[in-house]
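# Examining the three-dimensional arrangement
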Amino acid sequence: MKFLDQAKIYVRSGDGGDGVVAFRREKYVEFGGPDGGNGGRGGDIIFRAVPNLNTLIDFRYTQHFRARKGGNGAGSDRTGAKAETVIINVPIGTQIFDDDRETMLADLDEAGKEVLLCKGGDGGFGNANYKTSTNRAPRRADKGWPGEERWVWLRLKLIADVGLVGLPNAGKSTLLSVCSRAKPKIADYPFTTLHPQLGVVRLSSTEEFVIADIPGLIEGASEGAGLGDRFLGHVERCAMLIHLLDGTESQLVKNYRMIRNELAAYDETLAEKPEIIVLNKCDALTKTQITAKTKALAKASGAEVFTLSAATHEGLAELLRIVQDRVTEYRLEERESNQ
């Protein structure tokens, strides 16, 4: 399935049904009168977040959604039928923006969450509604009210506990493949990852977390270089970041600071998220090199630096345990703050 994280679609709710002019005419009824019914309500447009979707690819092929018009009224005070609601299912984490791409209309960040985006038009009144003691034979009936229409942008931000960031070829896809059942593309050239990947890491029957791998960042990504910062939105919802660095690079500290600058240029909130710094590809380094590079990174970042070889799994179990503990702590804090 191809990954698509943004789409533009057109939605229109249904018009209300028309009221009618009708009079009661029965053979043995001495006095008739107006009995035109009201029109039915037009169909609504509702967006719903569902857990079994993870891409917006369906909206590439279906871009127009229209609800039906309500039924017209009829004689004998019969009201027209209400049109069915059109429910549009989207992945959890989908944000809905107005046509200007800046005004957020809804954020569907929980399973089952719904938003009424376009309300169906009300039905028009039939002539029975206008009957009074002084106007016993009204011939007025109203048209149904029009529905609402608009173009909207859908943007998907994946829901994950942990986000992987770093330069291209830092080993992010390899780490994702060895700690979960995800099967990302792995190769020895930059930008093998062209779209975000999700994986579920299970340490036990009761402990698991979701990890997201996004395409590598390069200098100037916040200004559109490389794949730009388009995919950074997928790690905005993460509780924490794993900053993976290639231990075989000579300018390790410079690379670390460059990625931090790109995160801050995209969003200061993203740069302030808790971060675990990991020195990867340690199987290609000597102990002396590992010690020196770890100390240099720790001095530049002011934080503890963990060592890892995703290829040989050395240090993997320790890293995953630390991540799981921090994710569990974050979830507990979130639960307490929401009570």
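The text that follows walks through the structure, step by step, so that each part is easy to find. (Residues numbered from 1 in each chain as written. Predicted model: local features only at pLDDT ≥ 70, side-chain atom pairs only at ≥ 80, totals over all residues. Heavy atoms only, no water.)

## Things to note about the packing of aromatic side chains
For clarity, the threshold we go by: The aromatic pairing rule takes the rings of Phe, Tyr and Trp, using the six-membered ring of Trp, and pairs them if the centres are within 6.5 Å, calling planes under 30 degrees apart stacked, those over 60 edge-to-face and the rest tilted. Secondary structure is summarised from DSSP: a helix means a run of H or I of at least four residues, a strand means a run of E of at least two, and numbering begins at the N terminus for each. By definition here, charges over rings are those cases where NZ of Lys or CZ of Arg is within 6 Å of the ring centre and within 35 degrees of the ring normal.
One pass over the structure, following the stated rule, counts three aromatic pairs. Measuring from ring centre to ring centre gives 5.3 Å for Tyr10 and Trp151, while their planes differ by 55°; the resulting arrangement is tilted. Here the residue Tyr10 occupies a position in strand β1 (residues 6-12), and Trp151 occupies one in strand β10 (residues 149-156), the gap between them amounting to 141 residues. Over the ring of Trp153 we find Arg101; its NZ or CZ atom is 3.9 Å from the centre of that ring.

## A closer look at helix α5 (residues 287-301)
The following threshold applies: Expected helix span is computed as 1.5 Å times (number of residues minus one). Any residue under 20% of the maximum accessible area for its type is buried, any over 50% is exposed, and the rest in between are partly exposed; the area is computed with a 1.4 Å probe on protein chains only. The arc under discussion is defined with respect to the helix axis, by the directions toward the C-beta atoms. Any two residues having at least one pair of non-hydrogen atoms within 4.5 Å are treated as being in contact.
Counted at 1.5 Å a residue, the expected span for α5 with its 15 residues is 21 Å, and the 21 Å between its end C-alpha atoms agrees. Taken together, the buried positions of α5 are occupied by Ile290, Lys293, Thr294 and Leu297. Buried residues in α5, looked at end-on, bunch into an arc of 105°, giving them a common side. Residues of α5 that are exposed and point more than 90 degrees away from the buried face comprise Thr288, Lys295 and Lys299. Where α5 is buried, its residues contact β14 (240-246), α3 (252-266), β15 (275-280) and β16 (305-307). Once α5 finishes, Gly302 follows within two positions and takes phi at roughly 70°, a positive value.

## Digging into the sheet that holds strand β6 (residues 86-91)
The test is simple: Think of it this way: DSSP has to see at least two bridges between two strands before they count as a pair. Axis geometry follows a simple rule: fit a line to the C-alpha atoms, using only the stretch in contact for helices, then measure angles between N-to-C directions, giving values from 0 to 180 degrees.
As summarised here, the arrangement of the three strands in space is β6-β4-β9, forming an open sheet in which the pairing is mixed. The sheet is open, and its two edges are formed by β6 and β9 (114-118), each paired on a single side. Taken pair by pair, the neighbouring strands of this sheet meet at an average axis angle of 30°, ignoring direction. Bridge analysis of strand β4 (residues 45-50) against β6 gives six bridges, and the strand direction is parallel. When the sheet's bridge partners are listed, Val50 is paired in β6 with Pro91.

## Comments concerning a negative patch on the surface
Rules: Patches here: salt-bridge-free residues with over 30% relative accessible area, like charges joined within 9 Å, nonpolar side chains (Val, Leu, Ile, Met, Phe, Trp, Tyr) joined within 5 Å. Here, Shrake-Rupley sampling with a 1.4 Å probe gives the accessible areas, and only protein chains in the shown set may cover a residue. For salt bridges, the criterion is a side-chain nitrogen of Lys or Arg within 4 Å of an Asp or Glu carboxyl oxygen. In this count, Lys and Arg are taken as positive residues and Asp and Glu as negative ones, while His and the chain termini are left out. Charge placement uses NZ in Lys and CZ in Arg. For Asp and Glu, CG and CD serve respectively.
On the surface, Glu329, Glu333, Glu334 and Glu336 cluster together into a negatively charged patch. On the secondary structure map, Glu334 appears in helix α6 (residues 316-338). Here Glu334 falls in the partly exposed class, since its relative accessible area comes to 34%.

## Remarks on the nonpolar core
As a reminder of what qualifies: Working definition of a nonpolar core: buried Ala, Val, Leu, Ile, Met, Phe, Trp, Tyr and Cys residues. They are joined through side-chain atoms within 4.5 Å.
By size, the foremost hydrophobic cluster in this structure holds 24 residues, and its most contacted members are Ile9, Val11, Phe47, Phe59, Ile88, Ile96 and Leu154. Going through the elements one at a time, β1, β4, β6, β8 (104-108), β9 and β10 are the ones with two or more residues in this core. Other than its neighbours up to four places away in sequence, Leu154 contacts Asp5, Gln6, Ala7, Ile9, Phe47, Leu56, Phe59, Val90, Thr94, Gln95 and Ile96. Residues Leu176, Met240, Ile276 and Val327 belong to the second largest nonpolar core, which totals 21 residues.

## What to know about the sheet that holds β1
A sheet is described by the order of its strands in space; here five strands give the open sequence β5-β1-β10-β7-β8, paired in mixed fashion. Of all strands in the sheet, those bounded by a partner on one side alone are β5 (64-66) and β8. Strand-to-strand twist in this sheet, taken as the mean axis angle between neighbours without regard to direction, amounts to 25°.

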